[in-house]
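# What the coordinates show
If you want the building blocks of each chain, they are given just below.
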Amino acid sequence: MKREKVAFYAESLEPLRLEGILELPEGEGPFPACILCHPHPIGGGSMHVPLLRVISEVLVGEGWACLRFNFRGVGESAGESTGGLRETEDVEGAYRFLAQREDVDAGDLSLAGWSFGSWVGLRWAVKGGRCRRVALVSPPMVGFDFFHFLENSGLSLPPETLVVAGEKDQFASREKLEELASRLGGELHLLKGADHFLFGREEEVARVIAGRWGKTR
């Protein structure tokens, strides 16, 4: 696996420089791409959380190029957090960065977000129509509105959506998770005995996503 520390700018009026880590398989590209979105910074979320690191490692092993990055105001990324209101601009910046890489096929794009990152990532994905696959890990159905924006006209749902959550998630009932998966035309995968934070289940989550998306080589 090849790893690069990278920087790019949010698609924002302000020149917000964001930090990221791009991990690539060995061999020749272009590789299909996956953008990884981290949990809420108020709870210590960043691109370095173990779950995103493990998802990246597993997907890279299956032939994907994975970009994880810090939202605005996190780590060395410029700006201040907006609680998710404008972080979709950061995801757009990540996409545009990947689109400029010759070793990445941004036309074959996926996105995986954990908790807060799933809310931000999904809002970006349904507007641009550029995401083929989305994995929403532990989407927090309490405190975040996953349904209102889906009622807007002109949205483009990803062809393939996977919702992964623990059956004992503190912030989402099974009924709400089933409703979200249904609204998105996707699949719900519940992890027995797991809660919202998925401690110790990182490899399992990553394998569920990789198994659903398949090998690329």
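Our structure's up above, just so we're on the same page.
Residues numbered from 1 in each chain as written. Predicted model: local features only at pLDDT ≥ 70, side-chain atom pairs only at ≥ 80, totals over all residues. Heavy atoms only, no water.

All right, on to the overall build of the protein then. A count of helical and extended segments in the protein gives 5 helices and 8 strands. Starting at the N terminus, the α and β elements of the protein follow one another as β-β-β-α-β-α-β-α-β-β-α-β-α. Taking 17 Å as the expected radius of gyration for a compact globule of 217 residues, we find that the protein reaches 16 Å, a close match to that expectation. Expressed as a percentage of the 217 residues in the protein, the buried residues total 55%. Across the protein, every contact between residues at least 6 apart in sequence was considered, and the portion connecting residues at least 24 apart equals 72%. Here the protein displays about 9,500 Å² of accessible surface, and carbon together with sulfur accounts for 48% of that area. Averaging the coordinates of the 25 positive side-chain charges in the protein and doing the same for the 32 negative ones gives two points 2 Å apart. (Helix = DSSP H or I, 4+ residues; strand = E, 2+ residues; numbered from the N terminus. Rg over C-alpha atoms; globule rule 2.2 N^0.38 Å. Buried < 20%, exposed > 50% of the residue type's maximum accessible area, 1.4 Å probe, protein only. Contact = heavy atoms within 4.5 Å. Areas by Shrake-Rupley, 256 points an atom, 1.4 Å probe, with all protein chains shown as cover. Lys, Arg positive; Asp, Glu negative; His and termini not counted. Charge placed at Lys NZ, Arg CZ, Asp CG, Glu CD.)

Turning next to the side chain of R133. Within the secondary structure, R133 is located in strand β6 (residues 133–137). A polar atom in the side chain of R133 sits 2.9 Å from the side chain of S110. With residues near it in sequence (within four places) discarded, R133 still touches W64, D108, L109, S110, L111, E160 and W213. (Polar contact = N/O pair within 3.5 Å; in protein donor to acceptor, adjacent residues only side chain to side chain.)

We now examine the nonpolar core. I35, F69, V91 and L98 are the most contacted members of the largest nonpolar core, which has 46 residues in total. Non-local contacts of L98, meaning those with residues more than four positions away in its chain, are made with L22, A33, I35, L67, V104, A106 and L109. Core analysis: the second largest hydrophobic core is formed by 27 residues, L59, V137, V205 and W213 among them. (Core = buried A, V, L, I, M, F, W, Y, C linked by side-chain atoms within 4.5 Å.)

Between two packed helices, what matters for the description is the angle formed by their axes and the separation of those axes. The contact between helix α1 (residues 50–61) and helix α5 (residues 202–213) brings their axes to 9 Å, and the two run at 40°. By the angle between their axes, α1 is oblique relative to α5. Helix-helix and strand crossings are classified by hand; for α1 and α5 the assignment is right-handed. Across the interface between the two elements, P50, L51, V54, I55, V58 and L59 from α1 touch E202, E203, V205, A206, R207, I209, A210 and W213 from α5. Its residues placed into classes, the contact of α1 with α5 shows 11 nonpolar, no polar and 3 charged. (Axes fitted to C-alpha atoms, helices over the stretch in contact; angles between N-to-C directions. Parallel < 35°, antiparallel > 145°, perpendicular 65-115°, else oblique. Left-handed = near helix turned anticlockwise from the far one by under 90°. Nonpolar A, V, L, I, M, F, W, Y, C, P; charged D, E, K, R; others polar.)

Before going further, it helps to spend a moment on the sheet that holds strand β3 (residues 31–37). Overall, mixed pairing links the 8 strands, which are arranged β1-β2-β4-β3-β5-β6-β7-β8 in an open sheet. Edge positions in the open sheet fall to β1 (2–9) and β8 (187–191), since each of these has one partner strand only. On average, each strand axis in the sheet is tilted by 20° relative to the strand beside it, whichever way the strands run. Pairing analysis gives 5 bridges linking strand β5 (residues 104–114) to β6, with the strands arranged parallel. If you follow L111 over to β6, its bridge partner there is V134. (Pairing = 2+ DSSP bridges.)

Per the stated rule, a full pass over the model turns up 11 aromatic pairs. Between the aromatic rings of F116 and F144, the centroid separation amounts to 6.3 Å while the plane-to-plane angle is 65°, which identifies the pairing as edge-to-face. On the criterion of sequence distance, the pair formed by F116 in helix α3 (residues 116–128) and F144 in the loop between β6 and β7 (160–166) is long-range, its members being 28 residues apart. Ring pairing ties together the aromatic residues F8, F69, F71, F97, F116, W119 and F144, which thus form one cluster. The aromatic ring of W119 is capped on one face by R123, whose charged end is 4.2 Å from the ring centroid. (Phe/Tyr/Trp six-rings, centres within 6.5 Å; stacked < 30°, edge-to-face > 60°. Lys NZ or Arg CZ within 6 Å of the ring centre and 35° of its normal.)

What follows deals with unusual backbone geometry. In this structure, the amide linkage connecting G29 to the following residue, P30, adopts the cis form with an omega of 0°. Here P30 shows up in the loop between β2 (17–24) and β3. Unusually for a residue other than glycine, L198 sits at a positive phi of about 60°. Positionally, L198 belongs in the loop between β8 and α5. For L198, a relative accessible area of 1% corresponds to the buried category.

Time to look at the packing of helix α2 (residues 88–99) against α3. One way to put it is that α2 packs onto α3 with a least axis distance of 9 Å and a crossing angle of 65°. Relative to α3, the crossing made by α2 is right-handed. The segment α2 lies against α3, with T88, V91, E92 and Y95 engaging V120, R123 and W124.

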